[in-house]
Amino acid sequence: MGLRAQMPLLARHEGEWEGEYRHVGPDGDLLDRHRVRMTCEIRDDAVYHQTNRYTWDDGRTEVHEFPGAYLGGGRCGFDTERLKGEFWELDTSTIYLTWQFKGQDLRLFELIVLSEDGRSRSRVWQWLRDGVCVRRTLIDERRVG
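Rules of the game
Residues numbered from 1 in each chain as written. Predicted model: local features only at pLDDT ≥ 70, side-chain atom pairs only at ≥ 80, totals over all residues. Heavy atoms only, no water. Core = buried A, V, L, I, M, F, W, Y, C linked by side-chain atoms within 4.5 Å. Buried < 20%, exposed > 50% of the residue type's maximum accessible area, 1.4 Å probe, protein only. Contact = heavy atoms within 4.5 Å. Salt bridge = Lys/Arg side-chain N within 4 Å of Asp/Glu carboxyl O. Helix = DSSP H or I, 4+ residues; strand = E, 2+ residues; numbered from the N terminus.

Things to note about the nonpolar core
Move 1: With 30 residues, the main nonpolar core has Leu10, Phe87 and Trp99 as its most contacted residues.
Move 2: Leu10 has contacts with Leu3, Ile42, Tyr48, Cys76, Phe87, Glu89 and Ile95, leaving out every residue within four places of it along the chain.

Quick notes on the pattern of salt bridges
Move 1: If you walk through the whole model with that rule in mind, you get 17 salt bridges.
Move 2: Glu14 is paired through a salt bridge with Arg4; the nearest N and O atoms lie 3.1 Å apart. Of the two residues, Glu14 is situated in the loop between α2 (8-12) and β1 (15-24) and Arg4 in helix α1 (residues 3-6); the sequence distance between them amounts to 10 residues.
Move 3: For Glu14, a relative accessible area of 23% corresponds to the partly exposed category.
Move 4: Salt-bridge contacts for Asp105 lead to Arg129; the nearest nitrogen and oxygen are separated by 2.9 Å. Residue Asp105 is located in the loop between β7 (94-101) and β8 (106-114), and its partner Arg129 is located in strand β9 (residues 120-129); the two are separated by 24 residues in the primary sequence.
Move 5: Since its relative accessible area comes to 45%, Asp105 is described here as partly exposed.
Move 6: Look at Arg129 and you get partly exposed, because its relative accessible area is 34%.
Move 7: Overlapping salt bridges, with partners in common, bring together Glu16, Glu18, Arg37 and Arg142 in one network.

So, to be careful, I would describe these as geometric facts and stop short of saying anything about function.
This is the structure in structure tokens:
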């Protein structure tokens, strides 16, 4: 049985997404804002791969690749030069992720909620240091293409 059958909600996320990241401090003040174009794909029904392309108003850009391996039991893991973590489906609309940036004492927790029609999704990250939330990232995306 392949990844699409093991993680049907993840399979519903395949495609191109565009949106905006808003990073806010613990007091709600805006720390950063940038656009994203993201490609989510399952390759050979066995490997999850995500490419994030970020663009800021000042012209800066970044591209990050996130290859994920199926771990069994409805979980995928990822381990890149920047971060390491895993994710799984909570229910028919919500994916949960937890990860750490390598070399930093931050832990991040993310919820991704896909709309019923599959055309939009909302994401929230919480950044914790020593159990205290030091930042939140709010992401709204829509399917494109």
